[in-house]
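# Breakdown of the fold
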Amino acid sequence: MRIFLLIISVLAFIGSAWGQGVKGSIYDQNNETLPYATIYVRNIESGTTTNLEGYYEVKLTPGKYDMVFQYMGYESLIKVVEVGAGMTTLD
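Residues numbered from 1 in each chain as written. Predicted model: local features only at pLDDT ≥ 70, side-chain atom pairs only at ≥ 80, totals over all residues. Heavy atoms only, no water.

### Details of the sheet that holds strand E5 (residues 63-70)
Pairing is antiparallel in the open sheet, where four strands are placed in the order E3-E2-E5-E6. Both outer strands of the open sheet, strand E3 (46-49) and strand E6 (77-83), are each paired with one neighbouring strand and no more. Taking the axes of each pair of neighbouring strands and ignoring which way they run, one obtains an average angle of 25° across the sheet. When strand E2 (residues 38-41) meets E3, the two strands line up antiparallel, connected through four bridges. For Val41, the partnering residue across the bridge sits in E3 and is Ser46. (Pairing = 2+ DSSP bridges. Helix = DSSP H or I, 4+ residues; strand = E, 2+ residues; numbered from the N terminus. Axes fitted to C-alpha atoms, helices over the stretch in contact; angles between N-to-C directions.)

This is the structure in structure tokens:
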């Protein structure tokens, strides 16, 4: 029984350690989603792209991050985002 509780505790800790970050959708001025837009996190020199529905998700540890949102034909947008204990939504 102790081993079972230990395993459950470790799994819960691991899950909570990766439960932080930024997620959201990218839209244009007509409120239409932008598929395959790029999101670059300057602090970690990494990023991601949106999916076909314009949704993205970046796993990050708590802290402040400079995020660059880009899409061909549009001006880049830079946002400073503070990540806490959970997922931060940024559309």
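### Looking at the sheet that holds strand E1 (residues 21-25)
Here three strands make up an open sheet; going across it, the order is E4-E1-E7 and the pairing mixed. Both outer strands of the open sheet, strand E4 (55-59) and strand E7 (87-89), are each paired with one neighbouring strand and no more. Neighbour-to-neighbour, the strand axes of the sheet open up by a mean angle of 20°, direction not taken into account.

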